Amino acid sequence: MNYARFITATSAARRPSPIRVLTEIMNRAPKSLISLATGSPNPITFPFKTAVITTEHGKTIRFDEETMKRALQYSQSAGIPELLSWLKQLQVKLHNPPTLHYPASQGQMDICVTTGSQEGLCKVFEMIINRGDNILLNEPVYSGTLQALLPLGCNIINVSSDEYGIIPDSLKEILSKWKPEDSKNPKKNTPKLLYTVPNGDNPTGNSLTSNRKKEIYELARKYDFLIIEDDPYYFLQFNKPWAPTFLSMDIDGRVIRADSFSKVLSSGLRIGFITGPKPLIERVVLHTQVSTLHPSTFTQLMVSQLLHQWGEEGFLAHIERVIDYYRKQKDALLAAADKWLSGLAEWHVPTAGMFIWIKIKGINDVKKLVEEKAIKKEILMVPGNAFYIDSSAPSPYFRASFSLASPEQMDVAFQRLAELIKESL
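Let me begin by describing the structure that accompanies this report. (Residues numbered from 1 in each chain as written. Predicted model: local features only at pLDDT ≥ 70, side-chain atom pairs only at ≥ 80, totals over all residues. Heavy atoms only, no water.)

1. Here we look at the layout of surface pockets
Filter applied, for reference: The distinction between a cavity and a pocket rests on a 1 Å grid over the protein atoms alone: a 1.4 Å probe fits inside a cavity but cannot get out, while a pocket stays open yet meets protein on both sides within 12 Å along at least five of seven lines, and a residue with an atom within 4 Å of a point counts as lining. Grid points are joined across faces, edges and corners, and a volume is the space filled by probe spheres set on the points. Under the DSSP-based scheme used, a helix requires at least four consecutive residues in state H or I and a strand at least two consecutive residues in state E, with every element numbered from the N terminus. Under the scheme applied here, ten amino acids are nonpolar (Ala, Val, Leu, Ile, Met, Phe, Trp, Tyr, Cys and Pro), four are charged (Asp, Glu, Lys and Arg), and all others, including Gly, are polar.
In this structure, the largest pocket spans a volume of roughly 740 Å³. What lines the largest pocket is a set of 26 residues, and nearest its centre among them are Met26, Asn27, Lys31, Arg70 and Gln73. Those elements giving two or more residues to the lining of the largest pocket turn out to be α2 (18-28) and α3 (65-71). Sorting elements by how many residues they give to the lining of the largest pocket places α3 first, with 4 residues. Of the residues belonging to the lining of the largest pocket, the class tally is 11 nonpolar, 11 polar and 4 charged. Lining of the second largest pocket is provided by 19 residues; of these, Ala78, Leu84, Asp110, Ile111 and Lys278 occupy positions nearest its centre.

As structure tokens, this is what we get:
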């Protein structure tokens, strides 16, 4: 892999921050080291001294005074070592990346912790994309991704998709405008990356099948583009077995995978992690050195203690409990949809995630219905146009989430919505 072609001039110009490097040396040094180097504040001046956090089943995470001093201090830009090693073992267990033992320059698997996966993705996009570059994704797409991409001035090419995700033949047709060897000629502007949410896509709830992933990966190899595997709902898959990930089939080192704990541990702690080829992960970390410096040491220690307390088996047992909860929530929203929206709307059953993507029949654009009339009836949903590159185009779709509302509230919401649809037809 020639990684140089995937790194913008800005990213290529990044150099290690000398003070950040010294901080990392200090974190690894013996306690006998006398440091007059870093500008780390003295923790004896901090007002926070100890903490006890109670977890489920009455267990606790304890920060004594020494741990608290570390939790409140600067730490490594890539993440604290004990959390990184735990996450690396998890990725090996779940995905067994073929690149695990590759030489560093040839795409050896690397990992870094980010302040939520969204921060990691933004840094990945800014590392790869120049103004005018072609990139591939499938609409509808998470609005946060669109808002990260649009200011970069890239040409976003929509690949057709259905309830099983991206359609490989549609991708093949788009790529046929180029020859495979064109990727070696910058003037040809072949697509640099394909972005996808492979499980429980936000907003549709669709998931890519294993066979489609294999076809897409082979096209990525043929036309030499990266795959950005944004998988925040990986741990919210309703059906077993879970489909193999792009990371698990990545023999070239061309997959950058974004994982998140937001849906299963806490959204407010802001802990995500990016896995991918070392030459690219290093660029993300250099960006972190001069932006956020590092993810929160406190939240990393808190999550790390919990994961080490649980072990992999305990973590995966927790995941199963979370999936059971959301499966019941999904079934409740589908039951309410069947009861009130049959004949008025259509939808697919989501295979993962937190959302149902609903198309209202006979109404070309639901924006006014959702944003004005529904709010007056005290129901809130997201109109479909928010998930398209051209957000001004009419859309008959809306996104309904089943994460927070109770089954009783879902029933009332869709009853009210059904009344509104009938009034609007």
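2. With respect to helix α8 (residues 210-223)
Here is the rule we go by: What a helix should span is 1.5 Å times the count of its residues minus one. Here's how the labels work: a residue is buried when its accessible area is under 20% of the maximum for its type, exposed when over 50%, partly exposed in between, all with a 1.4 Å probe on protein chains only. Any two residues having at least one pair of non-hydrogen atoms within 4.5 Å are treated as being in contact.
Taking 1.5 Å of rise per residue, 14 residues should cover 20 Å, and α8 covers 20 Å from first to last C-alpha, within 8% of that figure. Among the residues of α8, Ser210, Arg212, Lys213, Ile216, Tyr217, Leu219, Ala220 and Tyr223 are the ones counted as buried. Of the surrounding elements, those touching the buried residues of α8 are β6 (161-162), β7 (165-166), α7 (168-175), β8 (193-196), β9 (226-230) and β10 (255-260). Aspartate 224 occupies a position one or two residues after α8 and carries a positive phi of about 50°.

3. Observations regarding unusual backbone geometry
A cis geometry characterises the amide bond from glutamate 139 onward to proline 140, with omega recorded as -10°. Structurally, the position occupied by proline 140 is in the loop between β4 (134-137) and α6 (143-149). With an omega of 25°, the peptide bond running from asparagine 202 to proline 203 counts as cis. With respect to the element layout, proline 203 can be found in the loop between β8 and α8. A positive phi is found at arginine 270, a non-glycine position, where the angle reads about 60°. The topology assignment puts arginine 270 in the loop between β10 and β11 (272-277). Since its relative accessible area comes to 31%, arginine 270 is described here as partly exposed.

4. Here we look at the pairing of strand β5 (residues 155-158)
For the record, the criterion: Pairing between strands is defined by DSSP: at least two bridges between the two strands are required. Handedness rule for crossovers: strands pointing away from the viewer, path from the first strand over the helix to the second running clockwise, crossover right-handed.
As defined by bridge partners, β4 adjoins β5 across 4 bridges and the pair is classed as parallel. Among the inter-strand pairings, asparagine 134 is bridged to a residue of β5, identified as asparagine 155. In this view, the connection linking β4 to its parallel neighbour β5 by way of α6 has right-handed handedness.

5. With respect to the sheet that holds β5
Paired through backbone hydrogen bonds, the strands of a sheet run either parallel or antiparallel to each other. Defined as follows: Orientation is described by axes fitted as lines to C-alpha atoms, over the contacting stretch for helices, and by angles from 0 to 180 degrees between their N-to-C directions.
Read across the sheet, 7 strands follow the order β3-β11-β10-β9-β8-β4-β5 without closing on themselves; strand pairing throughout is mixed. The sheet is open, and its two edges are formed by β3 (109-114) and β5, each paired on a single side. The average angle at which neighbouring strand axes cross in this sheet is 20°, direction not considered. The pairing of β10 with β11 spans 4 bridges and is classified as antiparallel. Residue pairing across strands places aspartate 259 opposite phenylalanine 273, the latter belonging to β11. Docked against the sheet, helix α5 (residues 117-128) engages β3, β8, β9, β10 and β11, running at close to 160° with respect to β10.

6. Some details on empty space enclosed by the protein
Scanning all chains against the criterion turns up 1 cavity of 30 Å³ or more. Reported here for the largest cavity is a volume of approximately 40 Å³. As for the largest cavity, its lining consists of Ser11, Arg14, Lys123, Glu126, Met127, Arg283, Val284 and His287. Looking at the lining of the largest cavity, the elements with two or more residues in it are α5 and α9 (278-289). A breakdown of the residues in the lining of the largest cavity according to their chemical character gives 2 nonpolar, 2 polar and 4 charged.

7. Description of the side chain of threonine 114
In this fold, threonine 114 is placed in strand β3. A residue is classified by how much of its surface remains accessible, and threonine 114, at 0% relative accessible area, is buried. Those residues in contact with threonine 114, other than ones at most four positions away along the chain, are Glu119, Gly120, Arg270, Ile271, Gly272, Phe273, Ile274 and Pro295.

8. Concerning the environment of histidine 294
For the record, the criterion: Whenever a nitrogen or oxygen atom comes within 3.5 Å of another N or O atom, the pair is scored as a polar contact, on the condition that within protein one atom can donate a hydrogen and the other can accept it, and that pairs from neighbouring residues in sequence are kept only if both atoms are in side chains.
Residue placement: histidine 294 occurs in the loop between α9 and α10 (297-340). Relative accessible area serves as the criterion here: at 12%, histidine 294 is assigned to the buried category. Considered as a pair, histidine 294 and glycine 79 are 215 residues apart in the sequence and their alpha carbons are 6.8 Å apart. Excluding anything up to four places from it in sequence, histidine 294 contacts Arg20, Gln73, Tyr74, Ser75, Gln76, Ser77 and Thr288. In terms of polar contacts, histidine 294 uses its side chain to reach the side chain of serine 75, at 3.3 Å.

9. Observations regarding the nonpolar core
How we decide: Put simply, buried Ala, Val, Leu, Ile, Met, Phe, Trp, Tyr and Cys residues joined by side-chain atoms within 4.5 Å make one nonpolar core.
Leu341, Phe398 and Phe414 are the most contacted members of the largest nonpolar core, which has 97 residues in total. With 15 residues, the top contributor of residues to this core is α10. Discounting chain neighbours no more than four positions away, the residues touching phenylalanine 398 are Ile356, Trp357, Ile358, Ile360, Val366, Val370, Met381, Val382, Pro383, Gly384, Phe414 and Leu417. Counting 21 residues, the second largest nonpolar core, distinct from the first, contains Val159, Ile174, Leu208 and Tyr217.

10. Describing a nonpolar patch on the surface
Using the following cut-off: Note on patches: the residues involved have over 30% relative accessible area and no salt bridge, like charges join within 9 Å, and the nonpolar side chains Val, Leu, Ile, Met, Phe, Trp and Tyr join within 5 Å. Under the convention used here, a 1.4 Å probe and the Shrake-Rupley method define accessible areas, while residue burial counts only the protein chains that appear. Should a side-chain nitrogen of Lys or Arg be within 4 Å of a carboxyl oxygen of Asp or Glu, the pair is scored as a salt bridge.
A cluster of nonpolar side chains, contributed by Val21, Leu22 and Ile25, occupies part of the molecular surface with about 220 Å² of accessible area. Here isoleucine 25 shows up in helix α2. Judged by its relative accessible area of 41%, isoleucine 25 falls in the partly exposed class.

By themselves, these are just geometric observations and shouldn't be taken as functional.
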